Structures are given as structure tokens and as C-alpha cells.
Amino acid sequence: MAWKRNPAPKSVYRRQLSAQLKELHDQSGRTLAEVGQVIEVNQGSLSRIMNGDRGTSPVLVKAILDCYGVTDPAAREDILDLVRADQAQRQKWWHKYSAVINTTQYGGYLELEQSSTTLRSYEPQLIPGLLQTPEYARQVITSMRVDLNAKQVETLVDVRMKRQALLAREDAPKLWAVIDEAALRRISGAPAVLKGQVEHLLDFEPRTNITLQLLPFDAGFHPGLYGSFMLMGFPEPNPDVVWVENLTNSVYFEGSEDVGRYTEVFDHLRATALGPPETRSRIKNMIKEL
């Protein structure tokens, strides 16, 4: 099973850069030691750049391209664009929240979410973070993160709300969310918060990049009972990634076997869930009950 813990996953751009540099390296017939000697970079650092484990600069990549004899201006510019895009992505909007994010294993997830093209979410107990209202998010975070003080809770609520701008971008990813009925009924002591959250789900109806399905109680036992997960897709040739979060750690899977298994489960869940029109009808009936 291919799994990784806390370290932030490589950005989409860095993975693309890594693939292109490796291809050029294989074609060159040189060893990393030889390349490092020519461009005056130690072999260890060069290996980490080639594998996408560390960022780099246009100046260094130009030297690598010179060493590999890449002279075509268009080919060079395509590769340098990946370097610049990776640098831009490293200037994260959530940097100022790092003190709280680092303690919640959140940073790596945000890296992936911001560069995704598709998001397939299954939630058995909660409304997905990208669809939460501030009031609902505040109650969820306060109840689940008993280790945080009020200021830290507000910081995470702020982060969660800023994440949602992703879905309104011009190049917004497509979100397909399957939500268990339990998530729409699980709240205590604040029915107004639940009603506001359920009503908010209907606001997404006109959005063509968002698909919602409700998995009703009468669906019975199903493979999603193992817990929530997020499947994230990226531009070719980058592989899909599965993100799973638990109490003390966040884990992501990128092996084809693991991703394939989660994809199979998600396909089963959306086939079992109510279709989007039936989901909207069920949500409207729930609002009437509230």
C-alpha cells in the first residue's frame, strides 16, 4: 500500500517538471554526478530537484537545460513556465495561518486542493468543508478540536471560508460530493445552524462545477462506512491522489492500486445515492421539517 504521512505532497507543477527533467536526463546518457559537476550543484540536491522533492529556480533549470543541450526556445520556455508556476504556488495564501495549520496536518491538503481539477468527496458525518457555512464550520471545529482555544478556532474557520473561493475561480475544479444523510441531521442544540447549512446546499444548485448527492439512511450498509475520503484529480500526467484524515494524522495515497480501490468505492456510493434532482427534493423536505 502506497501511503505517506505529514510531508506536503509535491505540487502539480513540480511533478510535471520532475517528469520532463527525468526524460531529458534519460535521453542525455549522463549520470547525475556528471550533470552536477557541469552545473556546479551537488548530486544530492540535483537528485531532489529531479524527483520533485524540492523546488528550484529558473536560473538553475536554464543551466540544466544547457547541459542537456535543449536549445529550442519553445521547449525551454515550457519547462521554465513550470518552474515559475511552482514558485508562485509556494507563495501560499494560507502562510499567515501556518501556526494553526501545521498543528492540524492541513498544509499538505491545501497544496493539493488548490491545484486540483477534480474533487470527489465522500462524507458520512459532516458537510464537506468546501460547502460549509461559517456558523456550521465554527460549531464543527469547536466540537471536534477541543485542544484549540477560541482564537485558534476562528482562525480555522477563516481558513475554511477562504478555501471556498477555489470553487468560484475561472478555472475552478469540478466537485462531486456524496454526503450521508446523517451529516445533514447531525447537530445538537442549534437547529438554526443546521437549517442555515442545509439551505446553503441549495445555493449550489446553479453551479455547473458542483454535483451533490445524498446517501439516504435506507441505503443500508455500504463500503463508505470505513469513513470519509477525498479523491483529487490533476492535469495529465499527474496521478490522482486520495486524502484520508484521522484524529492525529493526515495520510495521502497515490499508488494506482489504492486510488483504484477508492475510485471503485466512490463509484459504488454515487450509484447508490439519490440522484441530484432527488437530493434537492430531499433537502427541501428537510428544510420544511426544520
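All of the points below concern the structure found in this document. (Residues numbered from 1 in each chain as written. Predicted model: local features only at pLDDT ≥ 70, side-chain atom pairs only at ≥ 80, totals over all residues. Heavy atoms only, no water.)

1. Section: helix α13 (residues 276-289)
Turning to step 1, where the next piece is worked out: Taking 1.5 Å of rise per residue, the 14 residues of α13 would be expected to cover 20 Å, and the 20 Å separating its terminal C-alpha atoms lies within 8% of that figure.
Turning to step 2, where the next piece is worked out: All of the buried residues in α13 are T279, I283, M286 and I287. Buried residues along α13 cover an arc of 100° about the axis, so they all sit on one side. Exposed and oriented more than 90 degrees from the buried face of α13 are K288 and E289. (Helix = DSSP H or I, 4+ residues; strand = E, 2+ residues; numbered from the N terminus. Expected span 1.5 Å × (residues − 1). Buried < 20%, exposed > 50% of the residue type's maximum accessible area, 1.4 Å probe, protein only. Arc of directions from axis to C-beta.)

2. A word on empty space enclosed by the protein
Rolling a probe over the atoms, with the probe sized like a water molecule, indicates the empty space that remains.
Turning to step 1, where the next piece is worked out: In this structure the tally under the stated criterion is 1 cavity of 30 Å³ or more.
Turning to step 2, where the next piece is worked out: Estimated volume of the largest cavity: approximately 40 Å³.
Turning to step 3, where the next piece is worked out: If you go around the largest cavity, the residues you meet are I179, L184, L201, L212, Q213, L214, T279 and I283.
Turning to step 4, where the next piece is worked out: Secondary-structure elements contributing two or more residues to the lining of the largest cavity are β4 (210-215) and α13.
Turning to step 5, where the next piece is worked out: Sorting elements by how many residues they give to the lining of the largest cavity places β4 first, with 3 residues.
Turning to step 6, where the next piece is worked out: The residue makeup of the lining of the largest cavity, split by class, is 6 nonpolar, 2 polar and no charged. (1 Å grid on protein atoms, 1.4 Å probe; cavity = no way out; pocket = protein on both sides within 12 Å on 5 of 7 lines; lining within 4 Å. Points joined across faces, edges and corners; volume = space filled by probe spheres on them. Nonpolar A, V, L, I, M, F, W, Y, C, P; charged D, E, K, R; others polar.)

3. Quick word on the nonpolar core
Turning to step 1, where the next piece is worked out: Counting residues in each nonpolar core, the largest one holds 38 residues, and the members touching the most others are I127, L131, L184 and M232.
Turning to step 2, where the next piece is worked out: Excluding its chain neighbours within four sequence positions, the residues that come into contact with I127 are Q132, Y136, I179, A183, L184, Q197 and L201.
Turning to step 3, where the next piece is worked out: V35, V41, L65 and Y68 belong to the second largest nonpolar core, which has 21 residues in total. (Core = buried A, V, L, I, M, F, W, Y, C linked by side-chain atoms within 4.5 Å. Contact = heavy atoms within 4.5 Å.)

4. What about unusual backbone geometry?
Negative phi values dominate among residues other than glycine, just as trans dominates among peptide bonds.
Turning to step 1, where the next piece is worked out: One non-glycine residue with positive phi stands out, namely E40, at about 60°.
Turning to step 2, where the next piece is worked out: With respect to the secondary-structure elements, E40 resides in the loop between α2 (32-39) and α3 (43-50).

5. Things to note about the pairing of strand β3 (residues 174-180)
When a strand is regular, its side chains alternate between the sheet's two faces.
Turning to step 1, where the next piece is worked out: By the criterion of burial, β3 is predominantly enclosed, with 5 of the 7 residues buried.
Turning to step 2, where the next piece is worked out: Relative to β3, strand β2 (residues 118-123) runs parallel, the two being bridged by 6 bridges. Bridge pairing links T118 to K174 in β3.
Turning to step 3, where the next piece is worked out: In terms of strand pairing, β3 meets β4 through 6 bridges, oriented parallel. Across the sheet, residue A177 finds its bridge partner in β4, namely L212. (Pairing = 2+ DSSP bridges.)

These figures capture arrangement, not role.
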